[in-house]
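Chains, contacts and geometry: an overview
The lines below spell out each chain.
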Amino acid sequence: MLIQLAESYGFCFGVKRAIKIAEENKNSATYGPLIHNANEIERLKRDFNVALSENLDNFKVGDTAVIRTHGIPKEELALLNKRNINVIDATCPYVTKPQQICEEMSAQGYDIVIFGDDKHPEIKGVKSYATGKVYVVNSPAEIDALTLRERVAVVAQTTRRIEDYQSIVSKLMMSHKEVRVFNTICNATFDNQDAVHKLAREADVMIVIGGKNSSNTKQLYSIALDACPHSYHIESQEDLQPQWFEGKNFCGISAGASTPDWIIQAVIERINHLSQP
Ligand code: SF4
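What follows concerns the packing of aromatic side chains. This structure, assessed with the given rule, holds five aromatic pairs. Their ring planes at 90° and their centres at 6.2 Å tell us that tyrosine 31 and phenylalanine 59 sit as a pair that is edge-to-face. Residue tyrosine 31 is located in strand β2 (residues 29–31), and its partner phenylalanine 59 is located in the loop between β3 (51–53) and β4 (64–67); the two are separated by 28 residues in the primary sequence. Each member of the pair tyrosine 31 and phenylalanine 59 is classed as buried. Arranged with centres 3.9 Å apart and planes meeting at 5°, the rings of tyrosine 232 and tryptophan 244 form a pair that is stacked. Of this pair, tyrosine 232 sits in strand β11 (residues 231–234) while tryptophan 244 sits in the loop between β11 and β12 (250–255); the two residues are twelve residues apart in sequence, bridging distant segments of the chain. Of the residues examined, tryptophan 244 reaches a relative accessible area of 14% and is grouped as buried. One aromatic cluster is present, built from ring pairs that chain together Tyr232, Trp244 and Phe245.

Now the structure itself:
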């Protein structure tokens, strides 16, 4: 079995940066999961005593709170600062950008449209920075239900597909005189998406590794599945099923932006083992 990694895969700049920050702040706690990868969060706890706290009230004066890659709502950040918690911000700069845009464009009187998933932590954070009207939409059809004023500013969740964002923007342009468009989609996502598409067209079986709640991993899996019907989304080598590789000669591998190399290597070793005659 030939096993090939996509040309671009795995940890992105923002995740590498956040992990480095967490490692430099031993005995701290992240507020919410630092990244979307349970195995890496466990490693940080085990090797650096960086705990995970989902509850803001668990932080006491003098504690160190590391802010996750996807950011947190503005009010929560203010609360942590007010309680004299030592706040270390590991929010990815590509996520800070749409937060700033929402704040600035709201202040200038624009209604804000965010293309993304309302329930995703990144979007909850970005949305909180708007001081005026703000709407989150997941499809062009949802725009019809909005009562927007003439001046609209639009941003996208960093992990969205550019084609989908274009359809949102086109729809807004049809009904509004002024639409300010900010391309907030992250390049790391493009690179991994292009590479998985290229590899999935050639592979007999595609394995996409990453957390089940990782938005960018789900996007990679959906792109892989479009080109290769034998595509599977796994979190670790333990999810691999021997029958996936029966009669296959070429296995492609990609991984989401929060997937560490040690998990990818363990998956490759297990596939090698499973595909032995
Ligand atoms: S995928 Fe992009 S936006 Fe998300 S953490 Fe990585 S670099 Fe930042």
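Now that the structure is up, let's keep going.
Attention now moves to the sheet that holds β3. The four strands are arranged β3-β2-β4-β5 in an open sheet whose pairing can be described as parallel. In this open sheet, the two strands that pair with only one neighbour each are β3 and β5 (86–89). Going from strand to strand, the sheet's axes swing by 35° on average, the running direction of each strand aside. Where β2 and β3 come together, three bridges link them in parallel fashion. Its bridge partner lying in β3, threonine 30 is registered against leucine 52.

Once that is clear, we can look at the nonpolar core. Phe59, Leu80, Cys102, Met105, Ile112, Ile114 and Val155 are the most contacted members of the largest nonpolar core, which totals 25 residues. Among the secondary structure elements, those contributing two or more residues to this core are β2, β4, α3 (74–82), α4 (93–107), β6 (111–115), α5 (121–128), β7 (134–137) and β8 (151–156). With three residues, α4 is the single largest residue contributor to this core. For this core, the domains that each give at least three residues are domain 2 (13–92) and domain 3 (94–181).

Quick look at a negative patch on the surface now. A cluster of acidic residues, Glu163, Asp164, Asp191 and Asp194, forms a negative patch at the surface. Counting only elements with at least two residues in the negative patch, the list comes to α6 (162–175) and α7 (187–202). With respect to the secondary-structure elements, aspartate 164 resides in helix α6.

With that settled, the discussion passes to the sheet that holds β6. With parallel pairing, four strands are arranged side by side in an open sheet as β7-β6-β8-β9. What marks the edges here is a single partner per strand, and that holds for β7 and β9 (178–181). Averaged over all adjacent pairs, the angle separating strand axes in this sheet is 25°, with direction ignored. Sheet topology places β6 next to β7; four bridges connect them, and they run parallel. Each residue of the ladder has a partner; that of valine 113, found in β7, is tyrosine 135.

Now for α7. With 16 residues, α7 ought to run about 22 Å at 1.5 Å a step, and its terminal C-alpha atoms sit 24 Å apart, in line with that. For α7, the full list of buried residues reads Thr189, Phe190, Asn192, Gln193, Ala195, Val196, Leu199 and Ala200.

Here the focus is the pattern of salt bridges. According to the stated counting rule, one finds eleven salt bridges in the structure shown. With its nearest N and O atoms 2.6 Å apart, the salt bridge here joins glutamate 7 to lysine 198. With glutamate 7 in the loop between β1 (2–5) and α1 (13–24) and lysine 198 in helix α7, this pair connects stretches of sequence that are 191 residues apart. For lysine 198, a relative accessible area of 37% corresponds to the partly exposed category. Its salt-bridge partner being lysine 171, residue aspartate 144 comes within 3.1 Å of it at the nearest N-O pair. Taken together, the positions of aspartate 144 in the loop between β7 and β8 and lysine 171 in helix α6 put the pair 27 residues apart, joining distant regions of the chain. Judged by relative accessible area, aspartate 144 falls into the exposed class, the value being 57%. Sharing partners across several salt bridges, the network here consists of Glu23, Glu40 and Arg43.

Calculation notes
Residues numbered from 1 in each chain as written. Predicted model: local features only at pLDDT ≥ 70, side-chain atom pairs only at ≥ 80, totals over all residues. Heavy atoms only, no water. Phe/Tyr/Trp six-rings, centres within 6.5 Å; stacked < 30°, edge-to-face > 60°. Helix = DSSP H or I, 4+ residues; strand = E, 2+ residues; numbered from the N terminus. Buried < 20%, exposed > 50% of the residue type's maximum accessible area, 1.4 Å probe, protein only. Pairing = 2+ DSSP bridges. Axes fitted to C-alpha atoms, helices over the stretch in contact; angles between N-to-C directions. Core = buried A, V, L, I, M, F, W, Y, C linked by side-chain atoms within 4.5 Å. Domains from an automatic or database assignment. Patch = residues over 30% accessible without salt bridge, like charges linked within 9 Å, V, L, I, M, F, W, Y side chains within 5 Å. Areas by Shrake-Rupley, 256 points an atom, 1.4 Å probe, with all protein chains shown as cover. Salt bridge = Lys/Arg side-chain N within 4 Å of Asp/Glu carboxyl O. Lys, Arg positive; Asp, Glu negative; His and termini not counted. Charge placed at Lys NZ, Arg CZ, Asp CG, Glu CD. Expected span 1.5 Å × (residues − 1).

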